[in-house]
Amino acid sequence: MYPILRLIFQFFRHRNDPPLGPLDTHVSHHICWPWDLDLWRELNNGRTLTLYDMGRMPLAGRVGLIKALKEHRWGLTMAGASVRYRRRVRMFDRIEMRSRAVCWDDKFLYLEQSMRVRGEATSHILYRSAVTGKGGIVSPQTVMNALDLKMEAPEVPAWIKAWTEAEALRPWPPF
């Protein structure tokens, strides 16, 4: 079941935090509860993705994106993700999560998030996200204009460019 109460708590917890710019980092804190574990008594990989939602949604609120989504009747979707798991997260570990947008191109916004336990990185995820409207994908520049942000798209880092190129080679539809 989706942890909606945890998400509500994150919005409540960060309700008075100052607004963020489009490339600023949102930091949140979480606990790995017993119901987040898999059979090996560590944070389940699927729950990891759900916990990343707990950092991404308040980030969207602090940047002003949620307000713009409501005003324009837009949606937000994930068009791809790549996760790197490196360290176990155990029951009752306190997690520091960092969430930020890195860059955007003509269609997609690229976000990265990381989890840390006792200062050590445990996982990292790169998302390709899209804002959607009645006509399909809404360009990030249109979204920036809706946020009253007059800025050029940051340069796409080489590691993200390599990922998008590799994704373009992946067969679709799958087998």
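Description of the structure in this document. Each chain carries its own residue numbering, running from 1 in the direction its sequence is written. Thresholds applied to this predicted model are a pLDDT of at least 70 for local features of residues and 80 or more for the giving and counting of side-chain atom pairs; totals over whole chains, interfaces and linings are not thresholded and use all residues. Hydrogens and water molecules were not included; the side-chain quantities draw on all heavy atoms of the structure.

Overview of the environment of Asp 105
Okay, step 1: Segments assigned H or I by DSSP are reported as helices when at least four residues long, segments assigned E as strands when at least two residues long, and all are numbered from the N terminus. Structurally, Asp 105 can be placed in the loop between β3 (94-104) and β4 (109-117).
Okay, step 2: Remark: the alpha-carbon pair of Asp 105 and Cys 32, spanning 73 residues in sequence, is separated by 35 Å.
Okay, step 3: When checking whether two residues touch, look at their non-hydrogen atoms; a contact exists if any pair is within 4.5 Å. When sequence neighbours within four positions are dropped, the list of residues in contact with Asp 105 reads Tyr 110 and Pro 140.
Okay, step 4: Within the structure, the side chain of Asp 105 is placed 2.9 Å from the backbone nitrogen of Lys 107, a separation counted as a polar contact.
Okay, step 5: By the criterion applied in these results, polar contacts are pairs of N or O atoms within 3.5 Å in which, for protein atoms, one can donate a hydrogen and the other can accept it, and in which residues neighboring in sequence qualify only through two side-chain atoms. A polar contact is formed between the side chain of Asp 105 and the side chain of Tyr 110, at a distance of 2.9 Å.

A short note on the pairing of β3
Okay, step 1: Across 6 bridges, the pairing between strand β1 (residues 26-31) and β3 is antiparallel. Bridge assignment links His 30 to a residue of β3, and that residue is Ile 95.
Okay, step 2: When DSSP locates at least two bridges between a pair of strands, those strands are taken to pair. Sheet topology note: the β3/β4 ladder contains 9 bridges and is antiparallel. Following the sheet pairing, Ile 95 is matched in β4 by Val 117.
Okay, step 3: Linking β3 to β4, which pair antiparallel, is a turn of 4 residues.

Some words on helix α2 (residues 45-63)
Okay, step 1: Working rule for helices: expected span equals 1.5 Å times residues minus one. Here α2 contains 19 residues, and its C-alpha end-to-end distance of 27 Å stays within 8% of the 27 Å for a straight helix at 1.5 Å per residue.
Okay, step 2: Here's how the labels work: a residue is buried when its accessible area is under 20% of the maximum for its type, exposed when over 50%, partly exposed in between, all with a 1.4 Å probe on protein chains only. Extensive coverage of α2 is indicated by the burial of 14 of its 19 residues.
Okay, step 3: Two to three positions downstream of the cap, the backbone nitrogen of Gly 46 sits 2.7 Å from a side-chain oxygen, assigning the N-cap of α2 to Asn 44.
Okay, step 4: Positioned one or two residues after α2, Gly 64 has a phi angle of 100°, which is positive.

Considerations on helix α5 (residues 158-169)
Okay, step 1: For α5, which comprises 12 residues, the first-to-last C-alpha distance of 17 Å matches the rise-based estimate of 16 Å (1.5 Å per residue) to within 8%.
Okay, step 2: Buried within α5 are the following residues: Ile 160, Trp 163 and Thr 164. Down the axis of α5, the buried set is contained in an arc of 95°. They therefore lie on one face. Along α5, the residues that are exposed and aim more than 90 degrees away from the buried face are Ala 158 and Leu 169.
Okay, step 3: The inward-facing, buried residues of α5 abut β2 (75-85), β3, β4 and β5 (120-133). Directions pointing from the helix axis toward each C-beta atom define the arc.

Some thoughts on a nonpolar patch on the surface
Okay, step 1: A grouping of Tyr 2, Ile 4, Leu 5 and Ile 8 is seen on the molecular surface, where their side chains present a nonpolar patch of about 420 Å² in accessible area.
Okay, step 2: Its location among the elements puts Leu 5 in helix α1 (residues 4-13). Patches were defined on residues exceeding 30% relative accessible area and lacking a salt bridge, with like-charge contacts within 9 Å and nonpolar side-chain contacts (Val, Leu, Ile, Met, Phe, Trp, Tyr) within 5 Å. Note on areas: Shrake-Rupley with a 1.4 Å probe; residue coverage comes only from the protein chains shown. Note on definitions: salt bridges are taken to be side-chain nitrogens of Lys or Arg within 4 Å of carboxyl oxygens of Asp or Glu.

Topic: the side chain of His 30
Okay, step 1: As for its placement among the helices and strands, His 30 is situated in strand β1.
Okay, step 2: Side chain to side chain, His 30 and Ser 28 meet in a polar contact 2.8 Å long.
Okay, step 3: When residues no more than four places from it in sequence are discounted, the contact partners of His 30 are Gln 10, Met 54, Asp 93, Arg 94, Ile 95 and Met 97.

Remarks on the nonpolar core
Okay, step 1: What makes a nonpolar core is a set of buried Ala, Val, Leu, Ile, Met, Phe, Trp, Tyr and Cys residues whose side-chain atoms join them at distances within 4.5 Å. If you look at the biggest cluster of nonpolar residues, it comprises 19 residues, and the most contacted ones within it are Cys 32, Leu 43, Leu 51, Tyr 52, Val 89, Ile 95 and Met 115.
Okay, step 2: Put simply, the parts of the chain that give this core at least two residues each are α2, β3, β4 and β5.
Okay, step 3: Ranked by size, the runner-up nonpolar core spans 12 residues in total, among them Leu 59, Leu 69, Val 138 and Leu 147.

A few points about the packing of aromatic side chains
Okay, step 1: Stacked, edge-to-face and tilted labels apply to pairs of Phe, Tyr and Trp rings (six-membered ring for Trp) whose centres lie within 6.5 Å, assigned for plane angles under 30 degrees, over 60, and everything in between, in that order. Following the criterion strictly, the structure yields 3 aromatic pairs and no others.
Okay, step 2: Seen in terms of ring centroids, Trp 33 and Trp 35 are 5.7 Å apart; in terms of plane orientation they differ by 15°. Their pairing is stacked.
Okay, step 3: With a centroid separation of 6.5 Å and an interplanar angle of 85°, the aromatic rings of Tyr 110 and Trp 163 are classed as edge-to-face. Here Trp 163 lies in helix α5 and Tyr 110 lies in strand β4, a separation of 53 residues in the sequence.

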